[in-house]
Amino acid sequence: MLTLSRSNSPRRRVLAVASGGGHWVQLMRLRPVFEGTDIHYATVDPSARAMVAPATVHLYPDANKDTLLRMVLAALALAVIVIRVRPHVVISTGAAGGYLAIRIARLLGARTVFIDSIANTRQLSVSGRLAQRVADVVLSQWPGVAAATGAEYRGAVL
Amino acid sequence: MIFATVGTQLPFDRLLLALDTWAGLHPKVPVVAQTGQTSARYSHLTAIPQMDQDRFADHVSKARVIVAHAGMGTILTALELGKPLILMPRRADFSEHRNDHQRDTAAEMARLSTVTVVEDSASLCSALMLALDQASAPTLKGDGGVASASLLDALRGFIWSGERGRA
């Protein structure tokens, strides 16, 4: 039934955004979700390309709240990526780049979901809290964090 | 081979120096470490400042035991491959990180059967001996590398639904 409804619906363009390290590993654990979609990835590390070939991988500079100039560059790069891909849906497992992509994509009408890292066992990350202001859905991977912050819990990457 | 990683951002010399000492006492066991930024010199382990993802995954897959800071990338990669994992969380009071979230992460991960959490070099050494013993009986299996079915279903629903604000 799922397959049937998919074949009748327009192809969904999905932009999946994650910084390097654990954020990218967590995104990779969501890959079954992207089957049947027109999937584009955005990340910070060119070696990610080999892992998801032949899917398109867009790169943006890695940044965090202590590197403001790089943050501006990341925002510009992600703006270009979002405008080029024109995703229907943006999914991010963090961190700052995911929040930025969601914020930009919302301006263009995409639906967006931010999945806070499983590393955040006691509170949402800064990116997750910022994403709560703009994303359609923010998920925590810990029920206690979800209950305390207004995020939703739908399971975890483990 | 024992593979150690402390990420590529902040230094974590407390773990690496303890491991270097252990490696000096156990010259038959090769130890390779992704050290990130470090000002220390290591005599007994092979120090590699930074690896790309392919090389990193290759080292994880070849290792008998993984020793690491409590960073999620390492934890998830080791779990996928079913590798015994010894975690030493970074501590903010030693300026090893901006906050103590690695200690929270480690406490949660300690529930998993393949994970041992250590706080100091003495417990690291005893955990290493125990893990090497257990690793010679290869009964561990990787967990398949995908998220929980409920999370995958929720995200599929989100992608294929037309409405806003529902997962």
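Look above for the structure.
Heads up: these notes are all about the structure in this document.

What counts and what doesn't
Residues numbered from 1 in each chain as written. Chains lettered and ligands numbered in written order. Predicted model: local features only at pLDDT ≥ 70, side-chain atom pairs only at ≥ 80, totals over all residues. Buried ≥ 20, exposed ≤ 12 C-beta atoms within 10 Å, placed from the backbone. Helix = DSSP H or I, 4+ residues; strand = E, 2+ residues; numbered from the N terminus. Pairing = 2+ DSSP bridges. Right-handed = clockwise from strand over helix to strand, strands pointing away. Contact = placed C-beta atoms within 7 Å. Nonpolar A, V, L, I, M, F, W, Y, C, P; charged D, E, K, R; others polar.

Focus: the pairing of strand E4 (residues 89-92) of chain A
All names here are of chain A. Residues Val89 and Ile91 line one face of E4 and the alternating positions Val90 and Ser92 line the opposite face, and both faces are buried. Pairing of strand E1 (residues 13-17) with E4 involves four bridges; the strand directions are parallel. Pairing of Val14 across the sheet is with Val89, part of E4. In terms of strand pairing, E4 meets strand E5 (residues 111-115) through four bridges, oriented parallel. Bridging across to E5, Ser92 finds its partner in Phe114. After leaving E4, the chain enters helix H5 (residues 96-107) and then returns to the sheet as E5, a path that is right-handed.

A word on the sheet that holds strand E2 (residues 38-43) of chain A
Pairing within the open sheet is parallel, and its seven strands lie in the order E3-E2-E1-E4-E5-E6-E7 (chain A). Both outer strands of the open sheet, strand E3 (56-59) and strand E7 (152-153) of chain A, are each paired with one neighbouring strand and no more.

Focus on unusual backbone geometry
Trans is the prevailing form of peptide bonds, just as negative phi is the prevailing case for residues other than glycine. Residue and element names in this part refer to chain A. Residue Pro54 is reached from Ala53 by a cis peptide bond, and omega for that bond is 5°. Turning to its location among the elements, Pro54 is positioned in the loop between helix H3 (48-52) and E3. For the peptide bond that leads from Gly94 to Ala95, omega is 0°, which places it in the cis range. Along the chain, Ala95 turns up in the loop between E4 and H5. Backbone geometry at Arg86 places phi at a positive 45°, although glycine is not the residue there. In this structure Arg86 comes out as partly exposed when scored by C-beta crowding, with 13 C-beta atoms within 10 Å.

Let's talk about the environment of Ala50(A)
Residues and elements named next belong to chain A. Tracing the sequence through the fold places Ala50 in helix H3. We classify Ala50 as exposed; it has 11 C-beta atoms within 10 Å. Separated by 98 residues in the primary sequence, Ala50 and Ala148 place their C-alpha atoms 39 Å from one another.

Topic: the interface of chain B and chain A
Each side of the interface is counted separately: chain B has 29 residues, and chain A has 37 residues. Elements supplying a minimum of two residues to the side of chain B that touches chain A: helix H2 (53-62), helix H3 (72-80), helix H4 (101-109) and helix H6 (149-160) of chain B. A per-element tally of the side of chain B that touches chain A places H6(B) first, with nine residues. Residues belonging to the side of chain B that touches chain A are distributed by class as follows: twelve nonpolar, eleven polar and six charged.

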